[in-house]
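Results of the structural survey
Residues per chain are reported as follows:
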Number of protein chains: 2
Amino acid sequence: MAENKKMVEAITSRDEDFAKWYTDIVKKAELVDYSGVKGCMVIRPYGYGIWENIQKDLDRRFKETGVENVYMPMFIPESLLQKEKDHVEGFAPECAWVTIGGSEKLTEKLCVRPTSETLFCEHYAKIINTYRDLPKLYNQWCSVVRWEKTTRPFLRTSEFLWQEGHTMHETAEEAIDETLKMLKVYEDFYRETLAIPAVVGKKTEKEKFAGAEATYTIEPMMHNGVALQGGTTHYFGDGFAKSFDITYQGRDNKLHYPHQTSWGVSTRMIGAIIMVHGDDDGLVLPPRVAPIQVALIPIAQHKEGVLDKVYEVADVLKKDFRVKVDASDKAPGWKFSEYEMKGVPVRVELGPKDIEKNQCVIVRRDNREKIFVSLDNLAEEVQKALDAVHNAMYEKALKNMQEKTSVATSYEEFLDIAENKPGFIKAMWCGEKECEEKLKDVTGGVKSRCIPFEEEHLSDTCVCCGKPAKHMVYWGKQY
Amino acid sequence: MAENKKMVEAITSRDEDFAKWYTDIVKKAELVDYSGVKGCMVIRPYGYGIWENIQKDLDRRFKETGVENVYMPMFIPESLLQKEKDHVEGFAPECAWVTIGGSEKLTEKLCVRPTSETLFCEHYAKIINTYRDLPKLYNQWCSVVRWEKTTRPFLRTSEFLWQEGHTMHETAEEAIDETLKMLKVYEDFYRETLAIPAVVGKKTEKEKFAGAEATYTIEPMMHNGVALQGGTTHYFGDGFAKSFDITYQGRDNKLHYPHQTSWGVSTRMIGAIIMVHGDDDGLVLPPRVAPIQVALIPIAQHKEGVLDKVYEVADVLKKDFRVKVDASDKAPGWKFSEYEMKGVPVRVELGPKDIEKNQCVIVRRDNREKIFVSLDNLAEEVQKALDAVHNAMYEKALKNMQEKTSVATSYEEFLDIAENKPGFIKAMWCGEKECEEKLKDVTGGVKSRCIPFEEEHLSDTCVCCGKPAKHMVYWGKQY
C-alpha cells in the first residue's frame, strides 16, 4: 500500500488540525474550487453530484406531503423587505444591493434575496382569498446571498444553494403542525439518507429567526464535537400576514389572517457529511447520496478477458447503482486511494484469479472490510454492503455524539466541560437571555443549540444563575 | 356546455389579438404571476411543473452525452467580465450591478450573471493542464439577469431560468462537433418532447453571440407566423482561452489553447409551447411535459360507487402517468373547461353508466375526439391517446410552419410577403450585413433567422441588392 500512503500523506490528519483537514478534503476530493468572487465558491461536478442526489431525495419527501415547487424573483425591492420590521432588521446588514440596472441608476435599490418570505407574502396576498385557497404549500430551490466577512466552503459562503419552503394555513395549529412535520422530514432525511444522527428541538427566543414566533432546528454534531445548525423550520403566526395584508374569508364568512411557516436546508449539509463521516483518508460518503456508489477496479487489466469481464459486471451493476469503472493505466493501489479519498462507499476488485473462481472482492470504505462474493449474486451483495455501510456510518456518528455529550448541573461543571471536553452539554436553564449571553461569553462561544422535545430533569436550578430552571437545553459551539 | 362557454368567453380569441390571448393564457392557466419587481415574474406551480419536466428530460439527454452539472457563482466582478472585449460589449448594457454588500460600498462592482462564459473560463484556467483533462463538458441550471425595458412573461423578462453548457476541447473540430451535437439535442427535444418542429441552422455574422466565432440556432415558428429563437449553441474557437490564458499540454508536449463552446435554452420554451400549440380554449400541453397528463373526472359522483371506482382507476393510472382526480363539488362541465384551459392532454370521464359497462370515456384535448374504452386495458389506451395527441400536435404545428413559409426571389416579392403574409420567407442573400439591415428596416423587423444546413438554390442573386447570392436564408419577425 505504498501508493496509498503517498496520497494519504497529502491530507492533514483530522485530529491534528480539523479545519485544515476539512479544506484539504474539499479541494482534493474536487468538491469545490475557490472563485475570484469574494466569498463565493464553484461547486465542481463531484460536489454538485452530491447536491443533485440530496435534491432528488428531499424533493420527493416534500412532494409526498403535498408541497409544490415555484420560482420567485431573485430581487427584493427595499420597500418590500422593510414591510416586516424584525425581518428587515435581521437581514439588512448582510444584504447585497443592486443599484444599477441596464446602465441606469435604479430609483429603488434591490436586495439580492437572502431569503424570500417577503416575496412569497406579496404573491400570497394576491392569490389567497378564501379558506378554499388554503393551505398553500410552496417551496423553491434556488441560491441566496448573505454577505459574509469570513467564509468557508459549504459552511459559510456569501452565496449558497438551498430550498426554502413557505406555507400558509387556516389556523395556528395547522401551521405549527406543518413546522413540526417538516422538521421531522429533515430529521428522517438526515438519518435515512445522510446517515447523520442529530438533536432536534426548539430554538430559544434569542436564537430564533428574524420575524418568527418560533424556530425549530436540527443540530447534528460534527466529529470534533462542534454543532452545525443543519436545518430550521419557522412558525410565523400571522405577523407577516398582517404586515402584508394577506386575508382570507373563513368558513364563518369573516376575514382572517392566515398562519405562516417557512423551512430550509442548504448546501451546508455537504459540509456536515464531510465533518461527520470523513477520516484521515478523505471523504466517506453516505451511499444514498454518493455520486459514485461503486468503484469497479480491474486487477491485472492487461491480462486477456479481464476488462471484458469488468465491463460485463459493470453493465449488470449499472441497472441498480451509480458505478464508475476505472480502467485507466494507473496502478490499482493508486486507484484504491483515489476512490477512498473520494469517499466511494464500496469498491469492487476483479482480477484474473477472481474470474477463474467466478467471484470478486468487495471492500467497504467505512471499515475497509473485505469480502469475497460470487459474481452470480453480485448486485444483491453490493446492495447489502451499501446498506451495511450506511448503518455502520450512522451508528459510528451516533456513538461519537453520545460520547461527546455531557451533563452539567453546576456553573463550575459547565465551564469545566466547555473548556476541556468538546461536544454538547446538557444543562438546565431559567429561560433568561442574560444567562445565555453570559454562558456564551465566559466559554468563548458555547451557545444554546435547542430545547429538545423530550427534556430531561437534570436538576432544579439554572446552571448559570441558580434560579428555578424552566428548560433543559443542549449547549455547544457551532460552525 | 353552458359553463364551458362561460370560461371560454374570458379568453381573448387567438386570431383577434394574439398578444392579449397570450397574456390571458399565462394568467388564467396560472402559469405565472406578475411580481412587484420590475421585469421579474413569479413562476407558479403549474408553470414550474412544466419547467421541472423540461429539466428532467433535457438533463437526461445532456448526461447521455457525458455532460456533468456544476454551479458557478452568480456574480461576475467587472474586471472579469471585461476580459473578453466583444463579450463585454454585448452584455454590459444589460447588466444589473451590485455595488453594496453588507452595508459597505464594494471596491469593485459585481454584475449579476447575464451568462457565465467568463466564470467558466476562470475555473477552466485552473483545472485544465494537459490533454488528459479534456474535454470538459460542464453545464449549469440557474437563473440569469438581463435588464429589459419591456417584458413579457417567459418571452422576455429581466430574470429567467435556463441551462448553460460550457465545454472545452482539444481541437477546433471536436468543439464544432459538440456545438452541432448539442443543437441536435435541442432539435430532438423540441420534436420528441415538446412536439414542436423548427428550422435549424447557422446565424449570420450580424446575429451571432457576443464573442462567438459561430452561433447555431433552433427557430420554431409560433402559430401567428412569428419566430422564437428557441435555443442557441456557440463555437468560440480559442478566443476566450487566449483572453483567460487557458492552456493545455498537448500530445506533442507543447502548450495549446483549448477550443470552447456554450449552449443554452431557457424558460422561453414555455412561451413557445403556449404560442405553438394553444387555442381559443386555452393551453394545449405536449403530453411529455404536461404536469397533469390525465384529468380524471367523475360523472354523477354523488351516486354510490362512482368515487370509489374513480379512485381505483386513478391508482392504476398513477403508476404510469401524472394524474389529477377532480372530485370537487363543481359541475362536470366546469371541470371540463378548467382542464381544457390548463391544456391537460387527456381527460377521462367515468360515471355510473360507464361503470356498468366496465368502460370509460377518453377525450383528447387537441381535437376533442371522444372514445369509449374498456377499463381492462385503460393504461394502454391512455398511453395510445397521449402518443396520438403528441403526434397530432407535432403534425399540426408542422403544417402551420409549412403553410406560413414563403419563397421570395425578388425584392418586391420579399416586401409584398413581409407585408401581407406572416411567417418565414426563404430568400437568397449576398452575405453582406448592409442587406440584412436594409431588409429589416424596410419591413419593420424581418430579420435573418438562420442559414439552414441544407440550402435550396432559389435564384442566383441576393433578394436585396441583386449581387451574386452566397446563401439561402430563412427570414422572419421574432419575439
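Residues numbered from 1 in each chain as written. Chains lettered and ligands numbered in written order. Predicted model: local features only at pLDDT ≥ 70, side-chain atom pairs only at ≥ 80, totals over all residues. Heavy atoms only, no water.

1. Regarding the overall build of chain A
The test is simple: Secondary structure is summarised from DSSP: a helix means a run of H or I of at least four residues, a strand means a run of E of at least two, and numbering begins at the N terminus for each. Note that the radius of gyration is over C-alpha atoms, with the globule rule given as 2.2 Å times the number of residues to the power 0.38. For each residue, the accessible area found with a 1.4 Å probe, counting protein chains only, is set against the maximum for its type, and the residue is called buried under 20%, exposed over 50%, and partly exposed in between. Two residues form a contact once any of their heavy atoms are found within 4.5 Å. All accessible areas in this document rest on Shrake-Rupley with a 1.4 Å probe, and a residue is counted as covered only by the protein chains that are shown.
Looking only at helices and strands, chain A has 15 helices and 23 strands in total. Relative to the globule expectation of 23 Å for 479 residues, the C-alpha radius of gyration of chain A, 25 Å, shows essentially globular dimensions. With the C-alpha coordinates of chain A rotated into their principal frame, the extents come out at 80 × 60 × 50 Å. For chain A, the residues scored as buried account for 61% of the 479 residues in total. Put simply, of all contacts in chain A between residues at least 6 apart along the chain, 69% involve residues at least 24 apart. Roughly 19,200 Å² of accessible area belongs to chain A as shown, and the carbon and sulfur atoms make up 47% of that amount.

2. Focus on the nonpolar core
The nonpolar side chains of a soluble globular protein tend to be buried with one another. Quick reminder of the rule: The criterion is simple. A nonpolar core is a set of buried Ala, Val, Leu, Ile, Met, Phe, Trp, Tyr and Cys residues joined through side-chain atoms within 4.5 Å.
Counting 216 residues, the largest nonpolar core has Ile54 and Phe75 of chain A together with Ile54 and Phe75 of chain B as its most contacted members. Once you skip the residues sitting within four places of it in the chain, Ile54 of chain B turns out to touch Phe189, Leu194, Met269, Ile270, Ile273 and Val289 of chain B.

3. Some thoughts on the confidence of the model for chain A
Worth spelling out the cut-off: As a per-residue quantity, pLDDT reports the predictor's confidence and falls between 0 and 100.
Overall, the prediction assigns chain A a mean pLDDT of 96, with 98% of residues at 70 or greater. Predicted complex, confidence summary: ipTM 0.95, pTM 0.96.

4. Some points on the pattern of salt bridges
We count it as follows: For this analysis, a salt bridge means a side-chain nitrogen from Lys or Arg found within 4 Å of a carboxyl oxygen belonging to Asp or Glu.
Taken as a whole, this structure holds 76 salt bridges over all chains when the rule is applied. A salt bridge links Asp57 of chain B to Arg60 of chain B; the shortest N-O distance between them is 3.6 Å. Pair noted here: Asp57 of chain B and Arg60 of chain B are both in helix H3 (residues 45–64), with a separation of three residues, about one helical turn. Taking relative accessible area as the criterion, Arg60 of chain B reaches 42% and is therefore assigned partly exposed. With a shortest N-O distance of 3.2 Å, Arg60 of chain B and Glu64 of chain B are connected by a salt bridge. Of this pair, Arg60 of chain B and Glu64 of chain B both sit in helix H3, separated by four residues, roughly a single helical turn. The exposure class assigned to Glu64 of chain B is exposed, which follows from its relative accessible area of 60%. In this structure, a network of salt bridges that share partners links the residues Asp57, Arg60, Arg61, Glu64, Lys184, Asp188, Arg191 and Glu192 of chain A.

5. What to know about the sheet that holds strand E5 (residues 96–101) of chain A
Definition in use: DSSP-based pairing: two strands are paired if at least 2 bridges between them are found. Note on definitions: angles span 0 to 180 degrees between N-to-C directions of axes, and those axes are lines fitted to C-alpha atoms, for helices only across the stretch in contact.
The antiparallel open sheet is built from six strands, whose spatial order is E4(A)-E6(A)-E5(A)-E5(B)-E6(B)-E4(B). Every other strand in the sheet has two partners, leaving strand E4 (75–77) of chain A together with strand E4 (75–77) of chain B as the edge strands with one partner each. Here the strands of the sheet are splayed against their neighbours by 45° on average, with no regard to which way each runs.

6. Brief notes about unusual backbone geometry
For the bond running from Leu134 of chain A to Pro135 of chain A, omega is -5°, close enough to zero to count as cis. By the secondary structure assignment, Pro135 of chain A is in the loop between helix H6 (117–127) and strand E7 (136–145). A positive phi angle is found at Ala300 of chain A, which is not glycine, with a value near 50°. Position of Ala300 of chain A among the secondary structure elements: in the loop between strand E15 (294–298) and helix H10 (306–318). The phi torsion at Asn253 of chain B lies on the positive side, around 70°, for a residue other than glycine.

7. What to know about the relation of the copies chain B and chain A
Mapping between the two copies of the chain is achieved by a rotation about an axis and a shift along the axis. Basically, it comes down to this: Least-squares fitting of one copy onto the other uses the C-alpha atoms of those residues that reach a pLDDT of at least 70 in both copies.
It takes a turn of 180° to lay chain B on chain A, together with a shift of 0.0 Å along the axis; the resulting RMSD is 0.0 Å. The two molecules are tied by a two-fold rotation axis, judged by turn and shift. Relative to the rotation axis, the C-alpha of Val98 of chain B is the closest in chain B, positioned 2.0 Å from it. A shared binding surface is used by both copies, with 100% of the interface residues of chain B retained as interface residues in chain A.

8. As for the packing of helix H3 (residues 45–64) of chain A against helix H9 (residues 268–277) of chain A
Residue and element names in this part refer to chain A. Spelled out, the test is: Here is the rule for angles: anything less than 35 degrees is roughly parallel, anything more than 145 is roughly antiparallel, 65 through 115 is roughly perpendicular, and the remaining ranges are oblique. Residue polarity follows a fixed list, in which Ala, Val, Leu, Ile, Met, Phe, Trp, Tyr, Cys and Pro are nonpolar, Asp, Glu, Lys and Arg are charged, and the others, Gly among them, are polar.
Running from amino to carboxyl end, H3 crosses H9 at an angle of 110°, the nearest separation of the two axes being 10 Å. By the angle between their axes, H3 is roughly perpendicular relative to H9. Two secondary-structure elements touch here, H3 through Gly47, Ile50, Trp51, Ile54 and Leu58 and H9 through Met269, Ile270 and Ile273. Each residue belonging to the contact of H3 with H9 can be placed in one class, and the counts come to seven nonpolar, one polar and no charged.

9. Remarks on the interface of chain B and chain A
Our working rule: For any pair of parts, buried area is found by adding up, for both, the accessible area (1.4 Å probe) each one loses once the two are put together.
On the chain A side, the residues contacting the 55 residues of chain B number 55 residues. Taken over both partners, the interface formed by chain B and chain A buries close to 4,400 Å², and the fraction arising from carbon and sulfur atoms is 59%. Of the charged contacts in the structure, one is a salt bridge between Asp33 of chain B and Lys126 of chain A, with a shortest N-O distance of 3.2 Å. Of all the elements, strand E5 (residues 96–101) of chain B adds the most residues to the side of chain B that touches chain A, at six residues.

10. Structural notes on the packing of aromatic side chains
In this description, an aromatic ring pair is defined by two values, namely the gap between the centres and the angle between the planes. This is how the line gets drawn: Each pair of aromatic rings taken from Phe, Tyr and Trp, with Trp reduced to its six-membered ring, is defined by centres within 6.5 Å and is described as stacked if the planes are under 30 degrees apart, edge-to-face if over 60, and tilted in the remaining cases. Over a ring means this: the NZ of a Lys or the CZ of an Arg is within 6 Å of the ring centre and within 35 degrees of the ring normal.
On inspection of all chains with the given rule, the structure shows 34 aromatic pairs over all chains. Aromatic side chains Phe189 of chain B and Tyr190 of chain B sit 6.4 Å apart centroid to centroid with 80° between the ring planes, which places their arrangement in the edge-to-face category. Tyr190 of chain B carries the same exposure label as Phe189 of chain B, and that label is buried. Following the ring pairs from residue to residue traces out a cluster consisting of Trp51, Phe62, Trp141, Tyr186 and Trp263 of chain A. The ring centre of Tyr46 of chain A lies 4.5 Å from the NZ or CZ of Lys342 of chain A, which sits over that ring.

11. Describing the packing of helix H14 (residues 411–420) of chain A against helix H15 (residues 433–443) of chain A
All names here are of chain A. Note the threshold: For any helix crossing, the convention is left-handed if the near helix is rotated counterclockwise from the far helix by under a right angle, and right-handed if that rotation is clockwise.
Where H14 contacts H15, the two axes come as close as 10 Å, and the packing angle between them is 45°. Between H14 and H15, the angle falls in the class oblique. Crossing handedness for the pair H14 and H15: right-handed. Only Lys438, Leu439, Val442 and Thr443 of H15 make contact with H14, whose side of the interface consists of Tyr411, Phe414, Leu415 and Ala418. Taken together, the residues that form the contact of H14 with H15 break down as six nonpolar, one polar and one charged.

12. Topic: the environment of Glu413 of chain A
Residues and elements named next belong to chain A. Relative to the assigned elements, Glu413 resides in helix H14. Judged by relative accessible area, which is 32%, Glu413 ranks as partly exposed. Between the alpha carbons of Glu413 and Lys440 there is a distance of 15 Å; along the sequence they are 27 residues apart. When neighbours within four sequence positions are excluded, Glu413 is seen to be in contact with Val407 and Ala408.

13. Let's talk about H3 of chain A
For clarity, the cut-off: Given the number of residues in a helix, its expected span is that number minus one, multiplied by 1.5 Å.
With 20 residues, H3 of chain A ought to run about 28 Å at 1.5 Å a step, and its terminal C-alpha atoms sit 28 Å apart, in line with that. Counting buried residues in H3 of chain A gives 16 out of 20 residues, a clear majority hidden from the surface.

14. Thoughts on the sheet that holds strand E21 (residues 424–429) of chain B
Residues and elements named next belong to chain B. Spatially, E3-E7-E8-E14-E11-E10-E9-E22-E23-E21-E20 is the arrangement adopted by the 11 strands of the open sheet, whose pairing is mixed. Each edge of the open sheet carries a strand with a single partner, namely strand E3 (68–69) and strand E20 (405–407). Bridging between strand E11 (residues 231–237) and strand E14 (residues 259–266) involves five bridges; their strand directions are antiparallel. Note that in E14 the partner of Gly237 across the bridge is Gln260. Of the strands in this sheet, strand E7 (136–145), strand E8 (159–169), strand E9 (199–202), strand E10 (214–219), E11 and E14 are in contact with helix H7 (residues 172–192), which crosses E14 at around 15°. On the sheet, helix H15 (residues 433–443) packs against E21, strand E22 (447–452) and strand E23 (471–476) and is oriented at approximately 150° with respect to E21.

15. Let's talk about helix H10 (residues 306–317) of chain B
All names here are of chain B. Put simply, the rule is: Directions are taken from the helix axis to each C-beta atom, and the arc is the one they span.
Counted at 1.5 Å a residue, the expected span for H10 with its 12 residues is 16 Å, and the 16 Å between its end C-alpha atoms agrees. Taken residue by residue, H10 has Val306, Val310, Val313, Ala314 and Leu317 as its buried positions. Down the axis of H10, the sector holding all buried residues measures 105°, keeping them to one side. In this structure, H10 carries Asp308 and Asp315 as exposed residues pointing more than 90 degrees from its buried face. Its buried side turned inward, H10 meets strand E15 (294–298), strand E16 (323–325), strand E17 (346–350), helix H12 (352–356) and helix H13 (378–403).

16. Observations regarding a negative patch on the surface
Worth spelling out the cut-off: Here the term patch refers to residues with relative accessible area over 30% and no salt bridge, with like charges joined within 9 Å and nonpolar side chains (Val, Leu, Ile, Met, Phe, Trp, Tyr) within 5 Å. His residues and chain termini do not enter the charge count, which takes Lys and Arg as positive and Asp and Glu as negative. A charge is said to be at NZ when it belongs to Lys, at CZ for Arg, at CG for Asp and at CD for Glu.
Residues Asp15, Glu16, Asp17 and Asp280 of chain A make up a contiguous surface patch of negative charge. As for its position among the elements, Asp15 of chain A is in the loop between helix H1 (2–9) and helix H2 (18–28).

17. Notes on the pairing of strand E6 (residues 104–112) of chain B
Residues and elements named next belong to chain B. Relative to E6, E4 is paired through three bridges, and the arrangement is antiparallel. The residue of E6 that forms the bridge with Pro77 is Leu110. Where E5 meets E6, four bridges bridge the pair, whose relative direction is antiparallel. Bridged to Ile100 within E6 is Lys105. Counted between consecutive antiparallel strands, the loop separating E5 from E6 contains two residues, among which Gly102 sits at a positive phi close to 55°.

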